[in-house]
Amino acid sequence: MKRLLLPLCVGFGLTLSTAPFADDSVIGYIKTSTDETAIIEAGNKSKAGLGSAVHVGDIIKTDANGSAGLTLKDNTVLSIGPNTELKIEHTNFCRNRTGWN
């Protein structure tokens, strides 16, 4: 039973690892966030919770006690501290045979 379970778990894990970036408009996700962090998308403000999608043009905004961590689809990691606004206006991800670069 253990031999069957391991390949099944590995296969399921590989499926999950590529699923979050299936939407090409998504450039990354919020990986860490405080309650004082928001995403402003097309003028609409929402709380930036764990797993929130980030798109080109979104503004990630923190207040005096806020912070956030983002992971982009090429595995770039960004972090911002208090009183910060981050807007990614353009990306240039290159895809090769092994994934995103």
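That block above? That's the structure.
Let me sum up the structure you'll find in this document.

### Comments concerning the overall build of the protein chain
Helix and strand counts for the protein chain come out as 1 helix and 10 strands. Each helix and strand of the protein chain, ordered N terminal to C terminal, gives the series α-β-β-β-β-β-β-β-β-β-β. Each of the 101 residues in the protein chain was classed as buried or not, and the buried ones make up 27%. Long-range contacts, defined here as pairs at least 24 residues apart, represent 47% of the contacts in the protein chain between residues at least 6 apart. For the protein chain, the computed accessible surface area is about 6,900 Å², with 56% contributed by carbon and sulfur atoms.

### Observations concerning the environment of Glu 85
Following the sequence through the fold, Glu 85 ends up in strand β8 (residues 85–87). Take Glu 85: its relative accessible area is 52%, and that puts it in the exposed class. Glu 85 sits 26 residues away from Ile 59 along the chain, and the two C-alpha atoms are 6.4 Å apart. Setting aside its immediate chain neighbours within four residues, Glu 85 contacts Ile 59, Ile 60 and Lys 61.

### Description of the sheet that holds strand β6 (residues 68–72)
Pairing is antiparallel in the open sheet, where 4 strands are placed in the order β4-β1-β6-β7. In this open sheet, the two strands that pair with only one neighbour each are β4 (53–55) and β7 (77–80). Ignoring strand direction, the axes of neighbouring strands in this sheet form an average angle of 30°. Note: strand β1 (residues 26–33) against β6, 5 bridges, orientation antiparallel.

### Observations concerning the pairing of β1
Sheet topology note: the β1/β4 ladder contains 3 bridges and is antiparallel. Looking at the pairing, Val 26 lines up with His 55 of β4.

### Points about the pattern of salt bridges
Taken as a whole and judged by the stated rule, the model has 2 salt bridges. Note that Asp 35 is salt-bridged to Lys 47, the shortest N-O span being 3.2 Å. A residue pair is termed long-range when its members are at least 10 positions apart, and Asp 35 in the loop between β1 and β2 (37–41) and Lys 47 in strand β3 (residues 44–47) qualify at 12 residues. The pair Asp 35 / Lys 47 is uniform in exposure class, with both members exposed. Glu 85 serves as the salt-bridge partner of Lys 61, at 3.5 Å between the closest nitrogen and oxygen. In this pair, Lys 61 sits in strand β5 (residues 59–62) while Glu 85 sits in strand β8, placing the two residues 24 residues apart along the sequence.

### Examining the sheet that holds β2
A sheet is described by the order of its strands in space; here 4 strands give the open sequence β3-β2-β5-β8, paired in antiparallel fashion. Edge positions in the sheet fall to β3 and β8, since each has one partner strand and no second. Strand-to-strand, the axes of this sheet are offset by a mean angle of 25°, without reference to chain direction. As paired strands, β2 and β5 are joined by 4 bridges and run antiparallel to one another. Its bridge partner lying in β5, Thr 37 is registered against Thr 62.

Conventions and cut-offs
- Residues numbered from 1 in each chain as written.
- Predicted model: local features only at pLDDT ≥ 70, side-chain atom pairs only at ≥ 80, totals over all residues.
- Heavy atoms only, no water.
- Helix = DSSP H or I, 4+ residues; strand = E, 2+ residues; numbered from the N terminus.
- Buried < 20%, exposed > 50% of the residue type's maximum accessible area, 1.4 Å probe, protein only.
- Contact = heavy atoms within 4.5 Å.
- Areas by Shrake-Rupley, 256 points an atom, 1.4 Å probe, with all protein chains shown as cover.
- Pairing = 2+ DSSP bridges.
- Axes fitted to C-alpha atoms, helices over the stretch in contact; angles between N-to-C directions.
- Salt bridge = Lys/Arg side-chain N within 4 Å of Asp/Glu carboxyl O.

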